[in-house]
Amino acid sequence: MTRFFKPIALFASLAVAVTACHNATPSVSYTSFVDPYIGTDAHGHVFLGANVPFGGVQLGPSNLMQGWDWASGYHYSDSIVKGFAHTHLSGTGIGDLGDIVMLPVTGDVPVAMNSKAGLDSTYLSKYRHENESVRPGYYSVLLERYGIKAELTATERCGFHRYTYPDTTDNARLIIDLESGIGWDAPTEGYFSLKDERTIVGYRYSTGWAVNQRIYFTAHFSEPVVSMSCYDGLDTVGGNEVKGVKMRAFVDFGKIKNLEVKVGISAVDIEGAERNYQAELLDRNFDEVTKDADAKWNAYLSKIDVESGNPSDKRAFYTALYHTAFAPQLFNDVNGDYRGADGKIYSDTTSNTYTIYSLWDTYRAANPLYSIIEPQRLGEFVNDFVKIYEQQGRVPVWHLVGNENDCMVGYHSIPVMAMAYLRGIGGFDAQKAYEAAKAYASLDERGLGYVRTLGYIPADKEIESVAKALEYAIDDWAIAQMALKMGNKEDYDYFMNRSKNYTHYFDKESGFMRGKRLDGTWTPDFDPVKSRHRDDDYCEGNAWQYLWLVPHDVEGLVALFGSEDAFENKLDSLFTIEAVYDEESSPDISGLIGQYAQGNEPNHSTPFLYNYIGRQWKSAAMARRIMREFFTDAPDGLCGNEDAGQMSAWYVLTAMGFYPANATNGAFLLASPLFDKASINVGDGKRFTIEAENNSDKNIYIQSATLNGKPYTKSYITYSDIMNGGTLHLVMGETPNKDFGSSAEDRPQSKVY
């Protein structure tokens, strides 16, 4: 039966005030180059809404979940909104969060949110893209059912709503939904308390990918509440302080035209949410906060200035850079309090605490990018890893709002820690980080016991055995480099030996990395194209895609083939073999050129491996092709999961002309810059500039180069080159200069630079 809420009268009000500051805005409006719709269609899974760089609030519209492509809560193909949630995951391919949903309505509406009987049996509203407006830090939409204009903006820990109701409305209302989450997320407990006629506080506990998620909120209204009715599911719950599982509050404001709602959130407690509100929103107006959000985005985007005559390229680039600051997200309150990995409350006033560590993805390009444009923040991330190690006994694999979900293979906080340490980035205890890295490598779980005892992971004992072992070898190489710099030769030798474990999987007869069983025999019925999602020897890929995942020892991989020519021929074949997949294959295998899959992370370094055998021009050609085919300025402009910034970071770095095939070692391999000029603010008043003379869609090959005015023949640059500032000048041409970067001394090597 359809239920409707009825108002219950209540009491008087309270007012408070505070001041806030503004950030300076660069002279160029970099936010004008951003199109937030990019990646919201197809399989991009990108968040759409209002946030600030690395902010803990992502306030935006949520649709009803209709499948995998709705994992961020919003999909461009949809036209029905259930409300505006304060937390979202961007580009992960997993549905979670979507907490504290608000939807303004008018009149008596059904209590049900989701009904098979049709839209009229719910309180949901339709919308159209022509009635949406979105830019960094701001979102608005017209709710067609109610004639309400909803506008959203955000600070680091707060969401700010502004609703404009129709003139004819006598009963302006707001639904606060503590039941709804996204995807796997399900409520376990919800709580409302009407503190006064302008304030409602509460919390939402839920389980999903994050099995123990807690979010507290305080909502302050610009108009007094006339009544509040609460429901647990369809059951009425009476009183001004209520608790249940599927909680919703229907808040009545009577005859008003405008309503502003300021919402502070916290993972600690209601008091923390109130502190965050007091610090970030109290006494501030909506336009001021929107302007401040824009300024914060401009400050972040201005770290890289690109010049191009192609507006589409510029939109794709700055939107990609925008995406790289959606995660990790702030997880501490303004006073330093945060919820630890053990569920306990801690306080750290020396460093920010973050969440959403999608490390299987982001160690490859996003964190190397942060090492250039956000080194201090990268140090905070590593400090987080150490704190998580102290709280849960191991460094994070995939950490989400205080929960370890162990998603994906490898332990890739370790190459990020090694990267930061080797590049001289401070902000964390290096010895403790090294201790944490060794501690994880000493565990027995997730196949690591076999790594120590056998040197390989038996395919008949662990699924995804090849993928796990190849990723572990990369991580072990990173530990070895930390050990070497710390003067621990014994550990260096041990972990370098472990980093060679990839050799156990190379089958010379087939020329692929194959699963090996406990008795030493290969997994039978081998097909290098075949994929079974999360149920074979690989992880979201096949043997063609995993063959190349040895970025830490490319010379050793080449040696397995017997010659550079054999390696080159096989690598050429990767991009030409026809793709044949069925419904049981991993949906993450996308963005295909032959068997190369740009849409998933294990292949992201592969196009650049040509540099290691002196064929830089082939890396240039493939990098340009990938950028042109799989990165556009349309809503479906991403070919796979955005993956918490990794897909976009790949594009940001590659479009500037270089990529860190080995994320840890400090070498950035040259490819083919998309822009005539890209200038990076590397701090301390210095800039590193990449100039591409005669650059065009035809002139994609490097003819010659100078670095700071001196001839430069290497097919890579180093982290030090970039951070010292200066100019890399490339002369581009239509025909490959096959001599560039071809000599042994000009090729990248598997060492730390």
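Residues numbered from 1 in each chain as written. Predicted model: local features only at pLDDT ≥ 70, side-chain atom pairs only at ≥ 80, totals over all residues. Heavy atoms only, no water.

*Asks:* When you look at the environment of threonine 453 in this model, what are you seeing that I'm missing?
*Replies:* With respect to the element layout, threonine 453 can be found in helix H9 (residues 448-453). Within the structure, the side chain of threonine 453 is placed 3.0 Å from the backbone oxygen of glycine 449, a separation counted as a polar contact. (Helix = DSSP H or I, 4+ residues; strand = E, 2+ residues; numbered from the N terminus. Polar contact = N/O pair within 3.5 Å; in protein donor to acceptor, adjacent residues only side chain to side chain.)

*Asks:* Explain the sheet that holds strand S38 (residues 726-733) here, please?
*Replies:* Paired through backbone hydrogen bonds, the strands of a sheet run either parallel or antiparallel to each other. Pairing is mixed in the open sheet, where six strands are placed in the order S19-S33-S34-S38-S35-S36. Bordering the open sheet on either side are strand S19 (304-307) and strand S36 (710-711), each of which pairs with just one other strand. Inspection of the sheet shows strand S35 (residues 701-707) paired to S38 by six bridges, in the antiparallel sense. Bridging across to S38, tyrosine 701 finds its partner in glycine 733. Contacts from helix H5 (residues 366-373) reach S19 and strand S33 (677-683), with the element oriented near 70 degrees to S33. (Pairing = 2+ DSSP bridges. Contact = heavy atoms within 4.5 Å. Axes fitted to C-alpha atoms, helices over the stretch in contact; angles between N-to-C directions.)

*Asks:* Is there a simple way to think about the sheet that holds strand S37 (residues 716-718) in this case?
*Replies:* With antiparallel pairing, the three strands of this open sheet are ordered in space as S31-S32-S37. This sheet does not close on itself; its edge strands, each paired only once, are strand S31 (658-659) and S37. Across three bridges, strand S32 (residues 667-670) lies against S37 in antiparallel orientation. Paired with phenylalanine 668 across the strands is isoleucine 717, a residue of S37.

*Asks:* Would you take a moment to explain the pairing of strand S10 (residues 172-177) for this structure?
*Replies:* Each regular strand carries side chains that alternate between the two faces of the sheet. In terms of burial, S10 is a largely internal element, six of the six residues being buried. Taking every second residue as pointing to the same face, both faces of S10 are buried, with Ala172, Leu174 and Ile176 on one and Arg173, Ile175 and Asp177 on the other. Pairing geometry for strand S4 (residues 101-106) and S10, over six bridges, is antiparallel. By the bridge assignment, proline 104 is partnered in S10 with leucine 174. Pairing between S10 and strand S17 (residues 247-254): six bridges, direction antiparallel. What sits directly across from leucine 174, in S17, is valine 251. (Buried < 20%, exposed > 50% of the residue type's maximum accessible area, 1.4 Å probe, protein only.)

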